[in-house]
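Architecture and fold: a report
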Amino acid sequence: IHNGDRVISVGVIELFGDVASGFKVGEQKEWLINPEGRKSHPAAQKVHGMSDEYLAAQKPFSAYQQEIKDFIGASTILHHCWRYDANFGDVDFGDHALDSSVDEYALNREFERVSAPIIPHEQWLNMKPWAGELASGKYKKQVTEIAEKIGKRPDSLDTMLEYYDIAHHESEEVRQAFAERKKNHGALGDALITAALYQRMAPEFLPE
């Protein structure tokens with residue numbers, strides 16, 4: 001997410017409840033965004049499956065920024081993403097630069113482009129460090145075997161999805177999103193499977 005890369009889709013879902021009472025999925029929203037002249041890298045296009053012409057027909061981020069901000073509100077943003085590298089760009093995270101994620105950087109960079117307030121670091125909860133704990137702790141053997149089998153990093157989202165068997169989640173919607181991830185997939189599908197993964201991981205990492 002550097003050298004002028006832009007966000008082309010934002011997918012978010014509401015997740016209600018807690019470890020003790022259980023979780024339920026609420027409203028779902030996805031916005032497709034015109035990158036305003038930025039062409040998709042072939043590797044990225046292979047993932048999202050949207051042509052430059054299709055994206056050019058969408059509205060720019062400025063048309064959706066308030067709607068996105070209103071939907072998120074003061075809620076915690078659950079995500080699973082690489083750590084942000086301070087050399088990537090120009091968003092000033094201050095004291096949080098070393099523990100912010102690429103997702104946090106990418107979305108907040110778009111807010112800064114339209115002179116809107118960024119989403120505070122305190123609202124972001126990155127699950128990737130949890131995956132790192134599993135991959136280096138008492139479950140190292142099982143996680144490493146899965147990672148080697150699918151050709152991914154031990155702390156990757158794909159490895160965690162396999163480790164927690166999200167393919168056999170009780171929700172048909174989540175199972176479909178998992179299947180689509182192996183082909184073209186978008187932000188909303190990834191949000192669904194990340195929410196499903198959180199429900200499996202939370203009892204261990206946030207027992208309270």
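Before going into details, it helps to say that this report is about the structure given with it. The structure displayed is predicted, hence computed values, not measured ones.

What counts as what
- Residues numbered from 1 in each chain as written.
- Predicted model: local features only at pLDDT ≥ 70, side-chain atom pairs only at ≥ 80, totals over all residues.
- Heavy atoms only, no water.
- Core = buried A, V, L, I, M, F, W, Y, C linked by side-chain atoms within 4.5 Å.
- Buried < 20%, exposed > 50% of the residue type's maximum accessible area, 1.4 Å probe, protein only.
- Helix = DSSP H or I, 4+ residues; strand = E, 2+ residues; numbered from the N terminus.
- Salt bridge = Lys/Arg side-chain N within 4 Å of Asp/Glu carboxyl O.
- Pairing = 2+ DSSP bridges.
- Axes fitted to C-alpha atoms, helices over the stretch in contact; angles between N-to-C directions.
- Parallel < 35°, antiparallel > 145°, perpendicular 65-115°, else oblique.
- Left-handed = near helix turned anticlockwise from the far one by under 90°.
- Contact = heavy atoms within 4.5 Å.
- Nonpolar A, V, L, I, M, F, W, Y, C, P; charged D, E, K, R; others polar.

1. Considerations on the nonpolar core
Leu 134, Met 160, Leu 161, Tyr 164, Ile 166, Leu 197 and Met 201 are the most contacted members of the largest nonpolar core, which has 26 residues in total. At 11 residues, helix 9 (residues 187-205) tops the list of elements feeding residues into this core. In terms of nonpolar packing, the next biggest core, distinct from the first, is built from 17 residues, Val 10, Phe 61, Tyr 64 and Ile 119 among them.

2. What about unusual backbone geometry?
With a phi angle near 60°, Ser 115 is a residue other than glycine that sits in the positive phi range. Mapped onto the elements, Ser 115 comes out in the loop between helix 4 (102-113) and strand 4 (124-126). Judged by relative accessible area, which is 70%, Ser 115 ranks as exposed. Backbone geometry at Asp 165 places phi at a positive 55°, although glycine is not the residue there. You can call Asp 165 partly exposed: its relative accessible area is 37%.

3. Some thoughts on the pattern of salt bridges
A full pass over the atoms with the stated rule returns 12 salt bridges. A salt bridge links Glu 145 to Lys 141, with the shortest nitrogen-to-oxygen separation between them at 2.7 Å. Here Lys 141 and Glu 145 lie together in helix 6 (residues 140-150), a separation of 4 residues that amounts to about one turn. Overall, the relative accessible area of 44% leaves Glu 145 in the partly exposed class. Arg 153 is the partner of Asp 155 in a salt bridge, and the nearest nitrogen-oxygen pair spans 3.3 Å.

4. A word on the environment of Gly 37
Tracing the chain through its elements places Gly 37 in the loop between strand 2 (22-32) and helix 1 (42-48). As a C-alpha pair, Gly 37 and Met 160 span 123 residues in sequence and 35 Å in three-dimensional space.

5. A few points about the pairing of strand 1 (residues 9-18)
Two strands pair when backbone bridges link them, and strand 1 and strand 2 are joined in this way by 9 bridges, in the antiparallel orientation. Among the inter-strand pairings, Leu 15 is bridged to a residue of strand 2, identified as Val 25. If you look at the hairpin formed by strand 1 and strand 2, you'll find 3 residues sitting between the two strands.

6. Topic: the packing of helix 8 (residues 172-181) against helix 9
Between helix 8 and helix 9, the shortest axis-to-axis distance is 9 Å and the interhelical angle comes to 120°. Judged by the angle between their axes, helix 8 and helix 9 are oblique. By crossing handedness, the relation of helix 8 to helix 9 is classed as left-handed. Between helix 8, through Glu 173, Val 174, Ala 177, Phe 178 and Arg 181, and helix 9, the contact on the second element is made entirely by Gly 189, Asp 190, Leu 192, Ile 193 and Ala 196. Its residues assigned to classes, the contact of helix 8 with helix 9 shows 6 nonpolar, 1 polar and 3 charged.

What is shown is where atoms sit, not what they do.
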